[in-house]
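The primary structure of each chain is shown beneath.
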Amino acid sequence: SSGLAGPGRTGAAAVGATPAIAVQGLAKHVTDTTGRLAILDAVDFTVAKGETVAITGSSGSGKSTLLGLLAGLDVPSAGRVELAGNDLYALNEDDRARLRARHVGFVFQSFQLLPHLTAWENVMLPLELAGLPAHDPAREMLERVGLGERLRHYPKTLSGGEQQRVSLARAF
């Protein structure tokens, strides 16, 4: 079963501050030919702003399902998720997408970099789509992940680790 790392949780939260994520009674069930399968059942936790949390578990334990539910990419069978003080599932799909664009970044296993864009352009893209300044913030984030010298390189010319760092810079 997946779980939130306890002693390794870090970050300081102001007392009474709105949590970054609050989960109550979250469940996801599916039905297949063998019957009803509980992927997640009665999950409760809170993540404070600035806190670092690791979701760990064996393959097939529901980690990806949980992350999809936390981001509003899937709909739970039961329970509630508050993201930045917003009841995620009280929102329609378009409003969830807007909330996700403001508060959620993803790093996929395959990195999902656009091959025809440079590292810099890949990081600028979500900022530009959101109507935010992109050039300097993207350059600064790539420098923070150690890729300041690789801004104009295309994904195919970057190592796997460098591609992962571009993906991280884009998520941040």
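Predicted model only: the values in this text are computed from it and were never measured. (Residues numbered from 1 in each chain as written. Predicted model: local features only at pLDDT ≥ 70, side-chain atom pairs only at ≥ 80, totals over all residues. Heavy atoms only, no water.)

**Observations concerning the packing of helix 3 (residues 119-129) against helix 4 (residues 135-144)**
The N-to-C vectors of helix 3 and helix 4 enclose an angle of 125°; their axes lie 9 Å apart at closest approach. Taken together, helix 3 and helix 4 sit at an angle that is classed as oblique. The handedness of the crossing between helix 3 and helix 4 is right-handed. Here A119, W120, V123, M124 and L127 of helix 3 lie close against helix 4, whose contacting residues are H135, P137, A138, R139 and L142. Classifying every residue of the contact of helix 3 with helix 4 by side-chain character gives eight nonpolar, one polar and one charged. (Axes fitted to C-alpha atoms, helices over the stretch in contact; angles between N-to-C directions. Helix = DSSP H or I, 4+ residues; strand = E, 2+ residues; numbered from the N terminus. Parallel < 35°, antiparallel > 145°, perpendicular 65-115°, else oblique. Left-handed = near helix turned anticlockwise from the far one by under 90°. Contact = heavy atoms within 4.5 Å. Nonpolar A, V, L, I, M, F, W, Y, C, P; charged D, E, K, R; others polar.)

**A closer look at the pairing of strand 3 (residues 35-47)**
In the sheet, strand 2 (residues 21-32) pairs with strand 3 via nine bridges, with the strands oriented antiparallel. Residue pairing across strands places D32 opposite G35, the latter belonging to strand 3. Hairpin connection, strand 2 to strand 3: the antiparallel pair is bridged by two residues. (Pairing = 2+ DSSP bridges.)

**A look at helix 3**
Buried within helix 3 we find A119, W120, N122, V123 and M124. Looking one or two places after helix 3, you find G131, whose phi comes out positive at around 75°. (Buried < 20%, exposed > 50% of the residue type's maximum accessible area, 1.4 Å probe, protein only.)

**A closer look at the sheet that holds strand 6 (residues 86-87)**
Overall, antiparallel pairing links the four strands, which are arranged 3-2-5-6 in an open sheet. One side of each edge strand has no neighbouring strand; the edge strands of this open sheet are strand 3 and strand 6.

**Points about the confidence of the model for the protein chain**
Close inspection of predicted coordinates is inappropriate for parts of the model with low pLDDT. In this model, the protein chain carries a mean pLDDT of 86, and residues with pLDDT of at least 70 account for 88%. A low-confidence stretch, residues 5-10 (pLDDT under 50), is modelled with eleven contacts involving residues beyond four sequence positions or located in other chains. (pLDDT = per-residue confidence, 0-100.)

**So, the environment of S77**
Structurally, the position occupied by S77 is in the loop between helix 1 (63-70) and strand 5 (78-83). Setting aside its immediate chain neighbours within four residues, S77 contacts A27, K28 and H29. A distance of 2.8 Å separates a polar atom in the side chain of S77 from the backbone nitrogen of H29. (Polar contact = N/O pair within 3.5 Å; in protein donor to acceptor, adjacent residues only side chain to side chain.)

**So, helix 5 (residues 160-171)**
Taking 1.5 Å as the rise per residue, helix 5 with twelve residues should run 16 Å; its terminal C-alpha atoms sit 17 Å apart, in good agreement. Buried within helix 5 we find E162, Q163, V166, S167, A169 and R170. Each buried residue of helix 5 sits inside an arc of 160° when the element is viewed along its axis, so together they form one side. (Expected span 1.5 Å × (residues − 1). Arc of directions from axis to C-beta.)

**A short note on the pattern of salt bridges**
Evaluated as defined, the whole model comprises five salt bridges. The closest approach of N and O atoms between K28 and D74, which form a salt bridge, is 3.4 Å. Of this pair, K28 sits in strand 2 while D74 sits in the loop between helix 1 and strand 5, and the two are 46 residues apart along the sequence. Residue classification places D74 among the partly exposed positions, given a relative accessible area of 32%. Put simply, R80 and E82 hold a salt bridge, and the shortest N to O gap is 2.5 Å. (Salt bridge = Lys/Arg side-chain N within 4 Å of Asp/Glu carboxyl O.)

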